[in-house]
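Each chain, letter by letter, is given below.
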Amino acid sequence: MQTKNMQAGDIQAGETGRAASAAPAGRPIIAIRDLRKMYGSFCALSGINLDVAEGEVVVLLGPSGSGKSTLIRCINLLETYDSGTVTVDDVAVRPGPNLAAVRSEVGMVFQSFNLFPHMTVLRNVALAPIRVRKLAPKAAEERAMELLTRVGIAEQAGKFPGQLSGGQQQRVAIARALAMEPKILLFDEPTSALDPEMVGEVLDVMQSLARTGVTMVVVTHEMGFARRVADRVIFMERGQIVEEAKPDAFFSAPREERARAFLQAVLNH
Amino acid sequence: MDLIDTFFNGRVLWDALPLLLMGLGTTLSLGILSIVLGLIGGLALALLRLYGPPALSGLWVLYIDLFRAIPILVLLVIVYYALPFVGIRLSPFASATTALSLVSAAYSAEILRAGIQAIPRGQFEASQALGLSYWSMMGDIVLPQAVRIVIPPMTSNCINVMKDTALASVVAMPDLLKQATQAQALAANPTPLIGAAALYVLLLLPMVRAVGTLERHFAKERR
């Protein structure tokens with residue numbers, strides 16, 4: 001764990017001080033203030049406050065229905081909320097003409113991949129840079145090939161998503177998000193829909209991404225990944241942040257009883 | 001022998017052929033124009049109903065329901081015989097185009113709405129998360145997928161519009177059926193009517209067959 005933090009510090013000079021405490025220092029790239037959301041009478045988020053520093057890798061843990069996915073989806077406003085604010089890179093995320101521009105800075109990887117089934121893998125990755133960044137198609141496709149190489153599936157570029165395995169599809173989805181060169185990457189249970197033997201290949205790509213210094217917010221049930229890669233672990237339950245800590249502290253000695261019970265349940269099965 | 005002379009009289013058919021072909025041309029241009037206008041109107045209605053201002057959505061639903069409920073022949077008669085009383089005087093061709101497009105737009109809108117709603121939510125979310133504009137999301141992602149779903153029912157709708165062009169003979173438009181009845185009167189022989197029927201079938205049979213083929217094709221593709 002210590003080595004990991006030093007690597008992150010090497011890439012981003014001046015970020016090493018932050019590694020000492022669980023809460024980030026310096027300017028947050030994501031700032032969430034008093035976020036509240038109800039589904040009817042069910043309270044999905046009850047007053048969430050969260051700062052994420054630039055280059056930080058935050059993993060959200062918690063039982064299903066605890067609000068992790070809802071929270072991450074509020075960051076790029078795929079989910080609306082009742083009150084509170086979300087700020088990304090000092091720009092408020094709210095409905096209006098600026099929303100698409102803010103979203104283009106925030107990449108998202110979904111549980112169900114959500115690749116575009118009627119386009120080739122290459123086109124999936126190149127489309128948004130062409131449409132949003134106004135890149136020339138040729139340049140966008142070259143860049144897409146580089147990214148596909150990086151996630152290890154360059155040879156599948158001409159295929160359609162339906163011809164790929166789940167793990168390959170999710171790696172394409174990661175390449176598609178990276179193509180926009182986002183400042184932030186959101187992962188919403190990226191391995192939950194995968195067959196067990198394909199989880200590793202996706203987590204490997206995510207781990208190598210974390211080392212590049214991109215800001216990542218990850219909802220996952222992969223405790224090993226959280227322990228190895230996270231700078232900070234946030235444990236949620238019933239729409240609240242119950243505990244946040246450095247991963248080694250959280251996994252060896254969680255402070256809260258509810259976090260302890262959760263870890264018991266997921267680690268000893 | 002009498003039967004063949006009455007219904008399948010070669011000479012009568014040959015004499016009537018120029019008239020029938022002229023009628024076929026009118027039928028085709030009326031049908032194609034109405035189909036195209038109906039598609040454009042239907043797409044606009046479907047998008048307005050799904051994504052337009054919620055306050056107005058009742059209006060689009062009302063339009064869609066109304067024009068699917070009214071018999072086309074009644075609508076056509078109203079457009080041609082009633083509108084002149086308020087100063088709107090349309091030619092037979094314009095009346096028929098108006099009536100057919102108004103109804104076709106209502107059916108197309110329902111078909112397209114169902115197609116768009118069949119696209120998984122995740123496709124919209126992925127488009128939005130990438131920062132695609134609304135028009136790019138619809139044009140690049142949603143509609144190309146929806147089109148595959150709606151091609152079979154949309155083809156059925158086109159067949160119906162093509163068939164309903166025959167109603168235009170009621171407002172004295174020289175379409176295929178009208179020309180055939182004229183030729184029949186002229187020759188005092190029903191052969192031209194049989195000829196017209198044959199032309200309708202020749203025109204529409206391939207489209208009818210295509211619906212089945214397309215349905216099988218897309219069902220296979222989705223598997």
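Residues numbered from 1 in each chain as written. Chains lettered and ligands numbered in written order. Predicted model: local features only at pLDDT ≥ 70, side-chain atom pairs only at ≥ 80, totals over all residues. Heavy atoms only, no water.

1. Quick look at the UniProt feature "transmembrane region" (unreviewed entry) in chain B
Residue and element names in this part refer to chain B. Those residues carrying the UniProt feature "transmembrane region" (unreviewed entry) are residues 20–48, 60–83 and 193–214 in this numbering. The distance from the first to the last C-alpha atom of residues 60–83 is 23 Å, and the span holds 88% helix and 0% strand. Measuring from the first to the last C-alpha atom of residues 193–214 gives 32 Å, for a span that is 100% helix and 0% strand. (UniProt positions renumbered as here; feature names shortened; annotations may be inferred. Helix = DSSP H or I, 4+ residues; strand = E, 2+ residues; numbered from the N terminus.)

2. Focus: the packing of helix α2 (residues 10–51) of chain B against helix α5 (residues 92–117) of chain B
All names here are of chain B. It is the contact of α2 with α5, at a shortest axis distance of 5 Å, that shows an interaxial angle of 45°. As far as their axial angle goes, α5 and α2 are oblique. Handedness of the α2/α5 crossing: right-handed. Residues of the contact of α2 with α5, tallied by class, amount to 18 nonpolar, eleven polar and three charged. (Axes fitted to C-alpha atoms, helices over the stretch in contact; angles between N-to-C directions. Parallel < 35°, antiparallel > 145°, perpendicular 65-115°, else oblique. Left-handed = near helix turned anticlockwise from the far one by under 90°. Nonpolar A, V, L, I, M, F, W, Y, C, P; charged D, E, K, R; others polar.)

3. Topic: the sheet that holds strand β9 (residues 232–237) of chain A
All names here are of chain A. The strand order β6-β7-β8-β3-β9-β10 describes an open sheet built from six strands, whose pairing is mixed. At either margin of the open sheet sits one strand with a lone partner, and together these are β6 (106–109) and β10 (240–245). The mean inter-strand angle of the sheet, taken between neighbouring strand axes irrespective of direction, is 20°. Bridge count between strand β3 (residues 57–61) and β9: four bridges; the pairing is parallel. Looking across to β9, one finds that Leu60 is bridged to Ile234. Sheet strands in contact with helix α10 (residues 257–267) are β3, β9 and β10, and its direction is about 100° off that of β9. (Pairing = 2+ DSSP bridges. Contact = heavy atoms within 4.5 Å.)

4. Quick look at helix α7 (residues 134–164) of chain B
In this model, α7 of chain B (31 residues) spans only 36 Å end to end at C-alpha, well below the 45 Å of a helix rising 1.5 Å per residue. Helix geometry: α7 of chain B is bent most strongly at Val150 of chain B, by close to 55°, with proline Pro152 of chain B lying one to four residues after it. (Expected span 1.5 Å × (residues − 1). Bend = angle between axes of the 7 residues up to and from the residue.)

5. Side note on the UniProt feature "domain: ABC transmembrane type-1" (unreviewed entry) in chain B
As recorded in UniProt, the feature "domain: ABC transmembrane type-1" (unreviewed entry) lies at residues 24–212 of chain B. Between the C-alpha atoms that bound residues 24–212 of chain B the distance is 25 Å, and the span itself is 81% helix and 0% strand.

6. A short note on the interface of chain B and chain A
Of the residues lining the interface, 17 residues belong to chain B; the matching set on chain A comes to 21 residues. Of the roughly 1,600 Å² buried between chain B and chain A, counting both surfaces, carbon and sulfur atoms make up 62%. There are two salt bridges connecting chain B and chain A. Residues Arg131 of chain A and Asp140 of chain B are paired through a salt bridge, measuring 2.5 Å at the closest nitrogen-oxygen approach. Where chain B packs against chain A, one counts six residue pairs in polar contact (both at pLDDT 80 or more). Of all the secondary-structure elements, those providing two or more residues to the side of chain B that touches chain A are α6 (121–130) and α7 of chain B. For the side of chain B that touches chain A, the leading source of residues is α6 of chain B, giving nine residues. Here the side of chain B that touches chain A is built from residues that sort into six nonpolar, seven polar and four charged. (Buried area = accessible area lost by both parts, 1.4 Å probe. Salt bridge = Lys/Arg side-chain N within 4 Å of Asp/Glu carboxyl O. Polar contact = N/O pair within 3.5 Å; in protein donor to acceptor, adjacent residues only side chain to side chain.)

7. A closer look at the nonpolar core
Residues and elements named next belong to chain A. One finds Leu61, Leu148, Ile174, Phe187, Met206, Met216 and Phe250 to be the most contacted residues of the largest nonpolar core, which totals 54 residues. If you tally residues by element for this core, the top one is helix α7 (residues 196–210), at eight residues. Ranked by size, the runner-up nonpolar core spans 50 residues in total, among them Leu35, Tyr81, Val102 and Met236. (Core = buried A, V, L, I, M, F, W, Y, C linked by side-chain atoms within 4.5 Å. Buried < 20%, exposed > 50% of the residue type's maximum accessible area, 1.4 Å probe, protein only.)

8. Overview of a nonpolar patch on the surface
Residue and element names in this part refer to chain B. Residues Leu3, Ile4, Phe7, Phe8 and Ile194 make up a contiguous nonpolar surface patch of roughly 480 Å² in combined accessible area. In terms of residue count, helix α1 (residues 2–7) provides more of the nonpolar patch than any other element does, three residues in total. Within the secondary structure, Leu3 sits in helix α1. Judged by its relative accessible area of 60%, Leu3 falls in the exposed class. (Patch = residues over 30% accessible without salt bridge, like charges linked within 9 Å, V, L, I, M, F, W, Y side chains within 5 Å. Areas by Shrake-Rupley, 256 points an atom, 1.4 Å probe, with all protein chains shown as cover.)

9. A word on the environment of Leu130 of chain B
You can see Leu130 of chain B is positioned in helix α6. Through-space distance from the C-alpha of Leu130 of chain B to that of Phe93 of chain B is 47 Å; in sequence the pair is 37 residues apart. If we skip the residues at most four places from it in the chain, Leu130 of chain B touches Ser104, Phe116, Ala128, Val132, Arg176 and Met180 of chain A.

10. What about the packing of aromatic side chains?
Scanning all chains against the criterion turns up seven aromatic pairs over all chains. Centre to centre, the rings of Phe235 of chain A and Phe250 of chain A are 6.2 Å apart; their planes meet at 35°, and the pair counts as tilted. Of this pair, Phe235 of chain A sits in strand β9 while Phe250 of chain A sits in helix α9 (residues 247–252); the two residues are 15 residues apart in sequence, bridging distant segments of the chain. When the centroid spacing of 4.9 Å and the interplanar angle of 85° are considered together, the rings of Tyr80 of chain B and Tyr81 of chain B count as edge-to-face. Linked through ring pairs, Phe235, Phe250, Phe251 and Phe262 of chain A together constitute an aromatic cluster. Seen from the ring of Phe116 of chain A, Arg176 of chain A lies directly overhead, with NZ or CZ sitting 4.6 Å from the centre. (Phe/Tyr/Trp six-rings, centres within 6.5 Å; stacked < 30°, edge-to-face > 60°. Lys NZ or Arg CZ within 6 Å of the ring centre and 35° of its normal.)

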